[in-house]
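Single-letter residue listing:
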Amino acid sequence: MTGYTMLRNGGVGNGGQTCMLRWSNRIRLTWLSFTLFIILVFFPLIAHYYLTTLDEADEAGKRIFGPRAGNELCEVKHVLDLCRIRESVSEELLQLEAKRQELNSEIAKLNLKIEACKKSIENAKQDLLQLKNVISQTEHSYKELMAQNQPKLSLPIRLLPEKDDAGLPPPKVIRGCRLHNCFDYSRCPLTSGFPVYVYDSDQFAFGSYLDPLVKQAFQATVRANIYVTENADIACLYVILVGEMQEPVVLRPAELEKQLYSLPHWRTDGHNHVIINLSRKSDTQNLLYNVSTGRAMVAQSTFYAAQYRPGFDLVVSPLVHAMSEPNFMEIPPQVPVKRKYLFTFQGEKIESLRSSLQEARSFEEEMEGDPPADYDDRIIATLKAVQDSKLDQVLVEFTCKNQPKPSLPTEWALCGEREDRLELLKLSTFALIITPGDPHLVISSGCATRLFEALEVGAVPVVLGEQVQLPYHDMLQWNEAALVVPKPRVTEVHFLLRSLSDSDLLAMRRQGRFLWETYFSTADSIFSTVLAMIRTRIQIPAAPIREEAAAEIPHRSGKAAGTDPNMADNGDLDLGPVETEPPYASPKYLRNFTLTVTDFYRSWNSAPGPFHLFPHTPFDPVLPSEAKFLGSGTGFRPIGGGAGGSGKEFQAALGGNVPREQFTVVMLTYEREEVLMNSLERLNGLPYLNKVVVVWNSPKLPSEDLLWPDIGVPIMVVRTEKNSLNNRFLPWNEIETEAILSIDDDAHLRHDEIMFGFRVWREARDRIVGFPGRYHAWDIPHQSWLYNSNYSCELSMVLTGAAFFHKYYAYLYSYVMPQAIRDMVDEYINCEDIAMNFLVSHITRKPPIKVTSRWTFRCPGCPQALSHDDSHFHERHKCINFFVKVYGYMPLLYTQFRVDSVLFKTRLPHDKTKCFKFI
């Protein structure tokens, strides 16, 4: 009604229609808004009311839409999981809060302790500083007291030679030259090192006349000698080579004397000079006879009494092997002792003084009056009578089948060629050497050549004529290698030779072989012997021996190595301290200046170690006859340090007579990195270990990313020049201990076994002490030696794949042992352990010592080594037979002795276990 009225009143014209439309739109919007409001407000309220009423009408426990309590909502499965997570998180938060509070309290306590420790450290630093001051003051006071009570000593002032120095006052007679009046000691201080200057013979006129072989051999040995210097101003000794001359060159004495006096450093009289005349033939000219040599020493093989000055001049061996090394395959063995002939002699006298048989006097009348000038005819008759008696098989020939070699007057000339003479001497037990009939001929090159050849093939020399001066007679004890019989006793020679026992004969033959190899065999040995004789006379010690400089391969150390329970599980055994302080090196050899006096004859005549010719080693030589204390400072300390001889139980005592000592492990390896790393890790925690030297024998360097284990001691990786098993025994300068444990990279030894071997070695320092034993056997069908590795109660070798030995033997193996042995080791890549056993048994004449019952030591699962090759044993058979050839006899000795500890791992009360014993 209202809307109609309004439409009617306003419905006049177009304007009224527009107003009506606007009004209608407004009504529609208002109605729509009101409708939406009713729907949005009242419908939810109605629905809520309806649902609430529906829940209350249903049975208990079946309410679905109504409001519920909080604990009832957890009955739904997915809600229950959320509830449990909430409760767990709440509990963890509570626990973390409790721990936080505990940690805060602990941090507070630790902070207090840190402050207390800082205060203690400061106090300790103050105490240490005070102690250092006290020690410094004490040392200063000690030095002052020592300075007050001891004179000030310093090295002698070095006097350098001057060209215009006239030298010492001349002796009244030149033949009266001795060291005290013809040698200038002031130019050779004890600390000089014995520098020797060698003239170049080619710079002088007589140099063009020298035998090319002699000159070439001499120059080669001079270049390799450690004492030779090119600085003549600091030289102690001056050496000039004047012979042997080429044929048919004859240099007049006056011309040679003039050239000698023109030497740059002759200084008017030639003091501190040595003139060397080496003879390569039996008829070498005596160049220096009628030549005034002044105060210069003369070294040659032929001397007349008028020119020889005892204690000053040197009788040397002839240079038979000029440019060649001895062929050991042609040298006969030293056994059997008895050979085909009892003695032999071949020679022819070209010129004789006079025959004693032509005189009308009996032998007794000759002995009552003056001795005859020539006994050669009596010698001939006696020796022929022995040959005709046929009591023993002998061979004497006084006339050469061919033209005899040229010789000096009254000298027995050599017959035939050298090869023919050696073949006869190989069949001879003794070799007769008849000295020249001229009493004024002290020694001749022909006589020295006979001596050389006899020693070379093992025929014991029998020298008829006591007036002869054998080579190096003032240094060598020839009675240990030869028989020197006066000519009047020629009738007793046969009886004397038959009376020698086999043991004495073998000892003389062995000593003769040693003298020949050391002083006669090569040009180097002759020149070294000449220098060694002069150096020994003036009491200058030998120069230090050369050590192998270790070229270290850089490597990275990884994490600390663990301990293999199979290697170091020793229960409650105390194997010794694991070194936490810096490595302790063995005391050095300090007898440099007294050795030349105290060990004079022993060093020159002790077979088979030519110690005097070679520089002294940093460590004391260990020989059976020596018992030296290597400790320093406190003197001798008993084994174990116990009072009254009670000692300690074996497992807690180091043993031996050296109070403090460590050992060095030398491990040879070749491109087996994993095996090597495992072996190094097994050394972790090993007591008394100084360091580990890994000899890297491969030209290929280790992997750059390889991590080496940290075992608590230094690991030195040494790079070698070539792949050689001889590198195992090189005396590396990084080895600072006397004891060396040579071990393969795949050796598997427990710590207690290693320590037991070390303690046994300390009781037998001159022996090889190790674990795997082997032995040699004689093959009767093939008449040769065999190498055997079968299990046996008898052994003669201990393999160096797991063995202790003294570093001194490393020097002998590398520098003294014949080069032919090392060459064969390189050829077969085998036998280095056999060579070391030969060497030590040859030096000591003792067998090695085996410890424990273990026969093998290879680790399980390791890659196969060279020893698994089929040719391995065949090569070792050949090695043994070749080494026997080189040494001339079989030096290995059998033994059934094995060392096992009874109480080493027996856990007894400490008051009961006071000793140990071996079985």
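No experiment lies behind these values; they were computed from the predicted model shown.

Asks: Tell me about the overall build of the chain, and please be specific about residues and values.
Replies: In terms of helices and strands, the chain carries 23 helices and 28 strands. Across the 919 residues that make up the chain, the buried fraction comes to 49%. Put simply, of all contacts in the chain between residues at least 6 apart along the chain, 79% involve residues at least 24 apart.

Asks: Break down the pattern of salt bridges for me, citing the residues and quoting the values.
Replies: Throughout the structure, instances matching the rule amount to 37 salt bridges. Residue Arg187 is joined to Asp184 by a salt bridge in which the shortest nitrogen-to-oxygen separation is 2.9 Å. Given the relative accessible area of 3%, Arg187 is considered buried. A relative accessible area of 11% places Asp184 in the buried class. Measuring nitrogen to oxygen at the nearest pair gives 3.4 Å for the salt bridge that ties Asp746 to Arg672. With Asp746 in the loop between β21 (739-744) and α19 (751-763) and Arg672 in the loop between β17 (663-669) and α18 (673-681), this pair connects stretches of sequence that are 74 residues apart. Of the two residues, Asp746 and Arg672, both sit in the buried class.

Asks: Go over the pairing of strand β24 (residues 784-788), please, and point to the residues and values.
Replies: For β24, a buried count of four out of five residues is recorded, marking the element as mostly surrounded by other parts of the structure. As paired elements, strand β23 (residues 773-779) and β24 share five bridges and run antiparallel to each other. Each bridged residue has a counterpart across the sheet, and for His776 the counterpart in β24 is Tyr787.

Asks: I'd like a rundown of the sheet that holds β23, residues and numbers included.
Replies: Within the open sheet, the three strands sit side by side as β24-β23-β25. Their pairing is antiparallel. Sheet topology places β24 and β25 (797-798) at the edges, where each strand pairs with a single neighbour. Against the sheet, helix α23 (residues 871-887) makes contact with β23, β24 and β25, and its axis sits at roughly 130 degrees relative to β24, the strand it touches most.

Asks: Give me the state of the cysteines: which residues, what numbers.
Replies: Throughout the structure, instances matching the rule amount to four disulfides. Bridging Cys177 to Cys182, the disulfide has an S-S length of 1.9 Å. Here the disulfide of Cys177 and Cys182 is left-handed, its torsion about the S-S bond being about -75 degrees. Covalently, Cys400 is tied to Cys415 through a disulfide, its sulfur atoms 1.7 Å apart.

Asks: So what's going on with a nonpolar patch on the surface? Which residues, and what values?
Replies: On the surface, Leu32, Leu36, Phe37, Ile39, Leu40, Val41, Phe42, Phe43, Leu45 and Ile46 cluster together into a nonpolar patch covering about 990 Å² of accessible area. Tracing the backbone through its elements, the reader meets Ile46 in helix α2 (residues 13-57). Residue class for Ile46 comes out exposed when judged on its relative accessible area of 52%.

Asks: Lay out the packing of aromatic side chains with the relevant residues and their values.
Replies: Within the structure shown, the criterion is met by 33 aromatic pairs. Aromatic side chains Phe345 and Trp412 sit 5.6 Å apart centroid to centroid with 85 degrees between the ring planes, which places their arrangement in the edge-to-face category. A residue pair is termed long-range when its members are at least 10 positions apart, and Phe345 in strand β7 (residues 341-346) and Trp412 in strand β10 (residues 412-413) qualify at 67 residues. Neither Phe345 nor Trp412 differs from the other in exposure class; each is buried. Seen in terms of ring centroids, Phe398 and Trp412 are 5.8 Å apart; in terms of plane orientation they differ by 55 degrees. Their pairing is tilted.

Asks: A description of the nonpolar core should follow, citing residues and the corresponding values.
Replies: Within the largest apolar cluster, 136 residues are counted, with the highest numbers of intra-cluster contacts made by Phe194, Val239 and Phe883. Discounting chain neighbours no more than four positions away, the residues touching Phe194 are Tyr227, Cys236, Leu237, Leu531, Ile534, Arg535, Ile538 and Ile540. Core analysis: the second largest hydrophobic core is formed by 41 residues, Phe663, Met677, Val769 and Val851 among them.

Asks: So, unusual backbone geometry: which residues are in play, and what are the values?
Replies: The amide bond that connects Val335 to the next residue, Pro336, takes the cis arrangement and shows omega of 5 degrees. Turning to its location among the elements, Pro336 is positioned in the loop between β6 (314-315) and β7. In this model, Phe194 sits at a positive phi of 55 degrees, which is unusual for a non-glycine residue. Within the secondary structure, Phe194 is located in the loop between α5 (179-182) and β1 (196-198). Positive phi, close to 70 degrees, is recorded for Asn290, a residue that is not glycine.

Asks: Tell me about the pairing of β7, and please be specific about residues and values.
Replies: Summarising burial for β7: five of the six residues are buried, a large majority. Two strands pair when backbone bridges link them, and β7 and strand β11 (residues 428-434) are joined in this way by three bridges, in the parallel orientation. For Tyr341, the partnering residue across the bridge sits in β11 and is Ser428.

Asks: Break down the confidence of the model for the chain for me, with residues and values.
Replies: Chain-level statistics for the chain give a pLDDT mean of 81 and a share of 77% at 70 or above. Every residue in residues 607-615 scores below 50 in pLDDT, and together they form 35 contacts with partners more than four places removed in sequence or on other chains.

Asks: Any details on the environment of Asn231? Residues and values, ideally.
Replies: Structurally, Asn231 can be placed in the loop between α6 (212-224) and β2 (237-243). Exposure remark for Asn231: the relative accessible area of 34% places this residue in the partly exposed category. Sequence spacing of Asn231 and Tyr197 is 34 residues, and the spatial spacing of their C-alpha atoms is 7.0 Å. At 3.1 Å, the side chain of Asn231 and the backbone nitrogen of Asp233 are in polar contact.

Asks: Hey, could you go over the side chain of His271 for me, with residue numbers and the actual values?
Replies: For His271, the position within the fold is in the loop between α7 (253-261) and β3 (273-277). The buried category is assigned to His271, whose relative accessible area is 0%.

Asks: Give a description of the packing of α6 against helix α14 (residues 523-537) that names residues and reports values.
Replies: Each pair of packed helices can be summarised by the angle the axes make with each other and by the distance between the axes. Packing of α6 against α14 leaves a shortest axis separation of 9 Å and a crossing angle of 60 degrees. Relative to α14, α6 is oriented oblique. Judged by the sense of rotation from one axis to the other, the crossing of α6 with α14 is right-handed. Across the interface between the two elements, Ala217, Phe218, Thr221 and Val222 of α6 pack against Ala523, Asp524 and Phe527 of α14.

Asks: Tell me about the packing of helix α13 (residues 502-520) against α14, and name the residues and values.
Replies: Following both chains from N to C, one finds α13 and α14 inclined at 85 degrees, their axes separated by 6 Å at the closest point. By the criterion of interaxial angle, the relationship of α13 to α14 is roughly perpendicular. Of the residues in α14, those touching α13 at Glu517, Thr518, Tyr519 and Phe520 are Ser525, Ile526 and Thr529. Looking at side-chain class alone, the contact of α13 with α14 contains three nonpolar, three polar and one charged residues.

Asks: Tell me about α23, residues and numbers included.
Replies: End to end, α23 covers 24 Å across 17 residues, agreeing with the expected 24 Å (1.5 Å per residue, within 8%). Buried residues of α23: His872, Glu875, Arg876, His877, Cys879, Ile880, Phe882, Phe883, Val884, Val886 and Tyr887, and no others.

Asks: Describe in detail the side chain of Ser586, supporting the description with residues and values.
Replies: As for its placement among the helices and strands, Ser586 is situated in the loop between α15 (565-568) and α16 (595-598). Of the polar contacts made by the side chain of Ser586, one reaches the backbone nitrogen of Glu738; its length is 2.9 Å.

Asks: Quick rundown of α19? Include the residues and the values.
Replies: Across its 13 residues, α19 extends 19 Å between first and last C-alpha, which sits within 8% of the 18 Å expected from 1.5 Å per residue. Listed in full, the buried residues belonging to α19 are His751, Asp752, Glu753, Ile754, Met755, Phe756, Gly757, Phe758, Arg759, Val760, Trp761 and Arg762.

Asks: Any details on the sheet that holds strand β14 (residues 483-485)? Residues and values, ideally.
Replies: Either a parallel or an antiparallel arrangement is found when strands of a sheet pair, and the pairing is made through backbone hydrogen bonds. Within the open sheet, the five strands sit side by side as β9-β7-β11-β13-β14. Their pairing is parallel. The sheet terminates laterally at β9 (395-397) and β14, the two strands that pair on one side only. Averaged over all neighbouring strand pairs, the angle between strand axes comes to 20 degrees, with direction disregarded. Strands β7, β11 and β13 (460-464) of the sheet are contacted by helix α11 (residues 445-457), whose axis makes an angle of about 170 degrees with β11.

Asks: Quick one: what's the story with the environment of Glu423, residue by residue and with numbers?
Replies: Structurally, Glu423 is set in helix α10 (residues 418-426). Judged by its relative accessible area of 47%, Glu423 falls in the partly exposed class. Considered as a pair, Glu423 and Pro332 are 91 residues apart in the sequence and their alpha carbons are 9.8 Å apart. Among the polar contacts listed, one links the side chain of Glu423 to the side chain of Lys426, at a separation of 3.4 Å.

Conventions used here
Residues numbered from 1 in each chain as written. Predicted model: local features only at pLDDT ≥ 70, side-chain atom pairs only at ≥ 80, totals over all residues. Heavy atoms only, no water. Helix = DSSP H or I, 4+ residues; strand = E, 2+ residues; numbered from the N terminus. Buried < 20%, exposed > 50% of the residue type's maximum accessible area, 1.4 Å probe, protein only. Contact = heavy atoms within 4.5 Å. Salt bridge = Lys/Arg side-chain N within 4 Å of Asp/Glu carboxyl O. Pairing = 2+ DSSP bridges. Axes fitted to C-alpha atoms, helices over the stretch in contact; angles between N-to-C directions. Disulfide = S-S within 2.5 Å. Patch = residues over 30% accessible without salt bridge, like charges linked within 9 Å, V, L, I, M, F, W, Y side chains within 5 Å. Areas by Shrake-Rupley, 256 points an atom, 1.4 Å probe, with all protein chains shown as cover. Phe/Tyr/Trp six-rings, centres within 6.5 Å; stacked < 30°, edge-to-face > 60°. Core = buried A, V, L, I, M, F, W, Y, C linked by side-chain atoms within 4.5 Å. pLDDT = per-residue confidence, 0-100. Polar contact = N/O pair within 3.5 Å; in protein donor to acceptor, adjacent residues only side chain to side chain. Parallel < 35°, antiparallel > 145°, perpendicular 65-115°, else oblique. Left-handed = near helix turned anticlockwise from the far one by under 90°. Nonpolar A, V, L, I, M, F, W, Y, C, P; charged D, E, K, R; others polar. Expected span 1.5 Å × (residues − 1).

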